[in-house]
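Listed below are the residues making up each chain.
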Amino acid sequence: MALTPAERTAAYRLRNPYKLKTTNIVVNGVKYTIPNNAMKPENARDFIKFLNKLEKDSSLKKIQK
C-alpha cells in the first residue's frame, strides 16, 4: 500500500521532530528564552524592558526610555 503525501510527511515528522531554535537573553538579571523567528534579541530586550515598566505603572504617559 502506497502512502499519501500527508502520511509520508507525518511519518517523517515522527522520526525527525522540528526543533525550535531559540536565543537566551538576560534583562535586569532575569533570563528569557525567545524563539529566533519571533524577533531580534535586541528588540526583544527593549520590549521586555517596556513590559516590565508597564507592569509597574500602567499609565503610558509615564513610560520613557
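1. Some remarks on the overall build of the chain
Part 1 of the argument: What the chain contains, in helices and strands, is 2 helices and 2 strands.
Part 2 of the argument: N-terminal to C-terminal, the α/β element order of the chain is α-β-β-α.
Part 3 of the argument: In terms of overall size, the chain is more extended than a compact globule, its C-alpha atoms giving a radius of gyration of 20 Å where 65 residues would be expected to give roughly 11 Å.
Part 4 of the argument: When the 65 residues of the chain are sorted by exposure, 9% land in the buried category.
Part 5 of the argument: In the chain, of all internal contacts separated by at least 6 residues, the share reaching a separation of at least 24 is 2%.
Part 6 of the argument: Surface exposure of the chain reaches about 5900 Å², of which carbon and sulfur atoms provide 56%.

2. Some details on unusual backbone geometry
Part 1 of the argument: Even without being glycine, Asn28 reaches a positive phi, approximately 50 degrees.
Part 2 of the argument: In this fold, Asn28 is placed in the loop between β1 (22-27) and β2 (30-35).
Part 3 of the argument: Here Asn28 falls in the exposed class, since its relative accessible area comes to 62%.

3. Some points on the confidence of the model for the chain
Part 1 of the argument: Of all residues in the chain, 91% have pLDDT values of 70 or greater, and the mean over the chain is 84.
Part 2 of the argument: Helix α2 (residues 41-56) is the least confidently modelled element of the chain, averaging 85 in pLDDT, while helix α1 (residues 5-15) averages 94, the highest of any element.

4. Remarks on the nonpolar core
Part 1 of the argument: Ile25, Val27, Ile34, Ala44 and Ile48 together form the largest nonpolar core, which totals 5 residues.
Part 2 of the argument: Taken together, the elements giving at least two residues each to this core come down to β1 and α2.
Part 3 of the argument: With sequence-adjacent residues up to four places away left out, Ile34 is seen in contact with Lys21, Thr22, Thr23, Met39, Pro41 and Ala44.

5. Re a nonpolar patch on the surface
Part 1 of the argument: Together, Met39, Phe47, Phe50 and Leu51 make up an exposed nonpolar region whose accessible area comes to about 320 Å².
Part 2 of the argument: Residue placement: Phe50 occurs in helix α2.

6. What to know about the pairing of β1
In the case of a regular strand, side chains alternate between the two sheet surfaces.
Part 1 of the argument: As judged from the 6 bridges shared by β1 and β2, these two strands associate in the antiparallel manner. Residue Asn24 lies in a different strand from β2, and its bridge partner there is Thr33.
Part 2 of the argument: Two successive antiparallel strands, β1 and β2, enclose a turn made up of 2 residues, where Asn28 displays a positive phi of approximately 50 degrees.

7. Thoughts on a positive patch on the surface
Part 1 of the argument: A cluster of basic residues, Arg45, Lys49, Lys53 and Lys56, forms a positive patch on the protein surface.
Part 2 of the argument: For Arg45, the position within the fold is in helix α2.

8. A few points about the environment of Ile34
Part 1 of the argument: Tracing the backbone through its elements, the reader meets Ile34 in strand β2.
Part 2 of the argument: When the C-alpha positions of Ile34 and Ala10 are compared, they lie 27 Å apart, and in sequence the two are 24 residues distant.

Conventions we followed
- Residues numbered from 1 in each chain as written.
- Predicted model: local features only at pLDDT ≥ 70, side-chain atom pairs only at ≥ 80, totals over all residues.
- Heavy atoms only, no water.
- Helix = DSSP H or I, 4+ residues; strand = E, 2+ residues; numbered from the N terminus.
- Rg over C-alpha atoms; globule rule 2.2 N^0.38 Å.
- Buried < 20%, exposed > 50% of the residue type's maximum accessible area, 1.4 Å probe, protein only.
- Contact = heavy atoms within 4.5 Å.
- Areas by Shrake-Rupley, 256 points an atom, 1.4 Å probe, with all protein chains shown as cover.
- pLDDT = per-residue confidence, 0-100.
- Core = buried A, V, L, I, M, F, W, Y, C linked by side-chain atoms within 4.5 Å.
- Patch = residues over 30% accessible without salt bridge, like charges linked within 9 Å, V, L, I, M, F, W, Y side chains within 5 Å.
- Salt bridge = Lys/Arg side-chain N within 4 Å of Asp/Glu carboxyl O.
- Pairing = 2+ DSSP bridges.
- Lys, Arg positive; Asp, Glu negative; His and termini not counted.
- Charge placed at Lys NZ, Arg CZ, Asp CG, Glu CD.

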